[in-house]
Amino acid sequence: APDRRRRGLDNVPKPCVDKGIRRLDLTALKKYKRHFGLRTAPTSSNKEDLQVAVIRHFATMLRVDEGRTERSFMKLVASQRVHN
């Protein structure tokens, strides 16, 4: 079983929040899973499996379309100039 868990962790993104997520207790991880509707294997209720799922989910949430963000920002700045 430890080998299986280790393999699962090899493909996990390592964002800077990784350490913070690893400090969460099992109850917090389960609440995160339930709130965001994360799908995990029915047998993956142990802490390591939930950490992997939460880290992957959080990493996907951090992806940003930079071009879209810049356009939105420029549009906001332009609209504020018109109103001032």
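In the block above lies the structure referred to throughout.
Read on for a plain summary of the structure. As the structure is a prediction and not an experimental result, all values here were calculated from the model. (Residues numbered from 1 in each chain as written. Predicted model: local features only at pLDDT ≥ 70, side-chain atom pairs only at ≥ 80, totals over all residues. Heavy atoms only, no water.)

Following the sequence through the fold, His57 ends up in helix 4 (residues 47-61). Its relative accessible area of 17% is what places His57 among the buried residues. For His57, the contacting residues outside a window of four places in its chain are Tyr32, Phe36 and Leu38. (Helix = DSSP H or I, 4+ residues; strand = E, 2+ residues; numbered from the N terminus. Buried < 20%, exposed > 50% of the residue type's maximum accessible area, 1.4 Å probe, protein only. Contact = heavy atoms within 4.5 Å.)

Now for the packing of helix 3 (residues 26-36) against helix 4. Between helix 3 and helix 4, the least distance of the axes is 10 Å, while the angle of their chain directions is 45°. The pairing of helix 3 with helix 4 is recorded here as oblique in orientation. Where helix 3 crosses over helix 4, the handedness of that crossing is left-handed. On the side of helix 3, the interface is formed by Leu26, Leu29, Lys30, Tyr32, Lys33 and Phe36, while helix 4 contributes Lys47, Leu50, Gln51, Val54, His57, Phe58 and Met61. Split by residue class, the contact of helix 3 with helix 4 holds eight nonpolar, two polar and three charged. (Axes fitted to C-alpha atoms, helices over the stretch in contact; angles between N-to-C directions. Parallel < 35°, antiparallel > 145°, perpendicular 65-115°, else oblique. Left-handed = near helix turned anticlockwise from the far one by under 90°. Nonpolar A, V, L, I, M, F, W, Y, C, P; charged D, E, K, R; others polar.)

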